[in-house]
Amino acid sequence: MSSINKQLAYPRVCGLLGVKPSRLSYAMHTAGFRELGLPFTYTAFDTHNTQAGLVAMRELGFCGLSLTIPHKEQALQFIDQLSQEARVIKATNTVINSQGLLLGHNTDCYGVTAALEEVGFSGKGKRALVFGAGGASRAAIFALKRLELDSILLTNRTEEKGHLLAKECKIEFVPYGRVRERLLEKIELFVNATPIGLPLSGGKGYPFSLDVFSSGQTVFDMVTRETELIERVRQNGATPVPGIRMLLYQALPQFELFTEQKAPKEAMEKALLEEAATVD
Ligand code: NAP
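Quick summary incoming for the structure in this document. (Residues numbered from 1 in each chain as written. Predicted model: local features only at pLDDT ≥ 70, side-chain atom pairs only at ≥ 80, totals over all residues. Heavy atoms only, no water.)

Describing the packing of helix α2 (residues 24-36) against helix α12 (residues 265-276)
Then, in step 1: Viewed as axis vectors pointing N to C, α2 and α12 meet at an angle of 145 degrees, and their least axial separation amounts to 8 Å. The chirality of how α2 crosses α12 is right-handed. Here L24, A27, M28, H29, A31, G32 and E35 of α2 come into contact with α12, specifically with A267, M268, A271, L272, E275 and A276.
Then, in step 2: Per-class residue counts for the contact of α2 with α12 are nine nonpolar, two polar and two charged. (Axes fitted to C-alpha atoms, helices over the stretch in contact; angles between N-to-C directions. Helix = DSSP H or I, 4+ residues; strand = E, 2+ residues; numbered from the N terminus. Left-handed = near helix turned anticlockwise from the far one by under 90°. Contact = heavy atoms within 4.5 Å. Nonpolar A, V, L, I, M, F, W, Y, C, P; charged D, E, K, R; others polar.)

Description of α2
Then, in step 1: In this model, α2 (13 residues) spans 19 Å end to end at C-alpha, consistent with the 18 Å of a helix rising 1.5 Å per residue.
Then, in step 2: Three or more residues of α2 are buried, namely L24, S25, A27, M28, H29, T30, A31, G32 and F33.
Then, in step 3: Where α2 is buried, its residues contact β1 (12-18), β2 (40-46), β3 (64-67), α11 (243-259) and α12. (Expected span 1.5 Å × (residues − 1). Buried < 20%, exposed > 50% of the residue type's maximum accessible area, 1.4 Å probe, protein only.)

Some thoughts on the environment of F142
Then, in step 1: Turning to its location among the elements, F142 is positioned in helix α7 (residues 135-146).
Then, in step 2: Look at F142 and you get buried, because its relative accessible area is 12%.
Then, in step 3: Residues F142 and L54 lie 88 residues apart in sequence; the distance between their C-alpha atoms is 25 Å.
Then, in step 4: Excluding its chain neighbours within four sequence positions, the residues that come into contact with F142 are E85, V88, I89 and C109.

A short note on the packing of α7 against helix α8 (residues 159-169)
Then, in step 1: The interhelical angle for the contact between α7 and α8, taken along N-to-C directions, is 30 degrees, at an axis separation of 12 Å. As summarised for this structure, α7 and α8 are arranged roughly parallel, according to the angle between their axes. Taken as a pair, α7 and α8 cross one another with a handedness that is right-handed. From α7, S137, R138, I141 and K145 reach across to α8, where they touch L165, E168 and C169.
Then, in step 2: The residue makeup of the contact of α7 with α8, split by class, is three nonpolar, one polar and three charged. (Parallel < 35°, antiparallel > 145°, perpendicular 65-115°, else oblique.)

Structure below.
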């Protein structure tokens, strides 16, 4: 880091490209930079325009970007090189500017694996259902395949999109209308990779009772705020994996890609939890 300190008069700029981005990533990365005394700063860019964000990154020399909805898949066409994970998942949540060359990574899959490990979930012999077929679902399927589950089922509101993803990933598609209590009782892991549970998710809720999950089942809700699903899972004795844990774990390798330094997990986690407590 000392060479960077000498070279630069201003901090290196990192940020989040998204639409109405929350302050959670800002809080984590800023706390990490502060903890290690690094000459980096993190901000947010509220835009629908993926291309403009990445052109600005290249032209203005931003060091690293986190990408969120709706940029993760759209960004691929503007990136120069993709990591193996990003290429297979077909989505990038982390872009690094290496002297004008934009490198796309995907740390969401690590976030999924680490959040599941934290609750002691082991894949072998287990059955999972992934709910949703966007970028987050792709990262979850990638991570679950590495955990060698017995079977992974996929459902999606728009059936054609779900079908295509299931075919591409060589997993089984279950029509949305068939996702009922009887099927859910037979799985060990449920992964919500949709925004259901957010106040503005703009649609109906789940097509099943939230009380269906019980002891012996793990419910991973990627939504980064406390949801009714997670609350009911806790009450009913199943194991909850709230999305905020994934958010933390995807940010650690992202921080390391930005700074080339080991992420200070404790400081970043504390800042994340403090910031999350202020969100209503
Ligand atoms: P995306 O690419 O826009 O995909 C959204 C998916 O959700 C689609 O499959 C969509 O179905 C489905 N969906 C949306 N609204 C729905 C509704 N009301 N009912 C049923 N299905 C609905 O988004 P994404 O990037 O995959 O992200 C999905 C969620 O994961 C978001 O809430 C995001 O914030 C969260 N996430 C969290 C983390 C974390 O670190 N915790 C990381 C990544 C993503 P259709 O195909 O029918 O439209």
